[in-house]
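# Observations on the model geometry
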Amino acid sequence: MPTAIVVNNVMSAVGLLGAAADAGIAVPEQLSVVGIHDAEVAELVRPRLTTVRLPMRALGVRAVEQVSALLAGAPTQLGVISDPPPQVVARGSVLPPAR
């Protein structure tokens, strides 16, 4: 069985917390859960959900630049946004794997 799952968004991670509870899997003792992006609901669930907060403003600016380039017939470029860097928001849904 896996010891950790990283989920593509917070709401799916919240669903995973519920499914784990229904299956009798203890989070974080048996399974660590991390959600990508951050949302207020991460503070409301139990255990509180650890997340990776992404630079949403920078992502939005990059998206507008890419759409503008496409509309102008210019080539687009793939890239990595590293400023500001993603931030791990540690809460209660992660522990080191049991040995």
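As the structure is a computational prediction, the values presented were derived from the model and not from experiment.

Definitions and limits used
- Residues numbered from 1 in each chain as written.
- Predicted model: local features only at pLDDT ≥ 70, side-chain atom pairs only at ≥ 80, totals over all residues.
- Heavy atoms only, no water.
- Salt bridge = Lys/Arg side-chain N within 4 Å of Asp/Glu carboxyl O.
- Helix = DSSP H or I, 4+ residues; strand = E, 2+ residues; numbered from the N terminus.
- Buried < 20%, exposed > 50% of the residue type's maximum accessible area, 1.4 Å probe, protein only.

The tally for this structure, following the rule as stated, stands at five salt bridges. Its salt-bridge partner being Asp38, residue Arg53 comes within 2.6 Å of it at the nearest N-O pair. Residue Arg53 is found in strand 3 (residues 50-53), and its partner Asp38 is found in the loop between strand 2 (32-36) and helix 2 (41-44); the two are separated by 15 residues along the sequence. Note that Glu43 and Arg48 form a salt bridge whose closest N and O atoms lie 3.4 Å from each other. By relative accessible area, Glu43 is classed as partly exposed at 37%. Residue Arg48 is classed as partly exposed on the basis of its relative accessible area of 38%. Because the salt bridges share partners, they merge into one network encompassing Asp38, Glu43, Arg48, Arg53 and Arg91.

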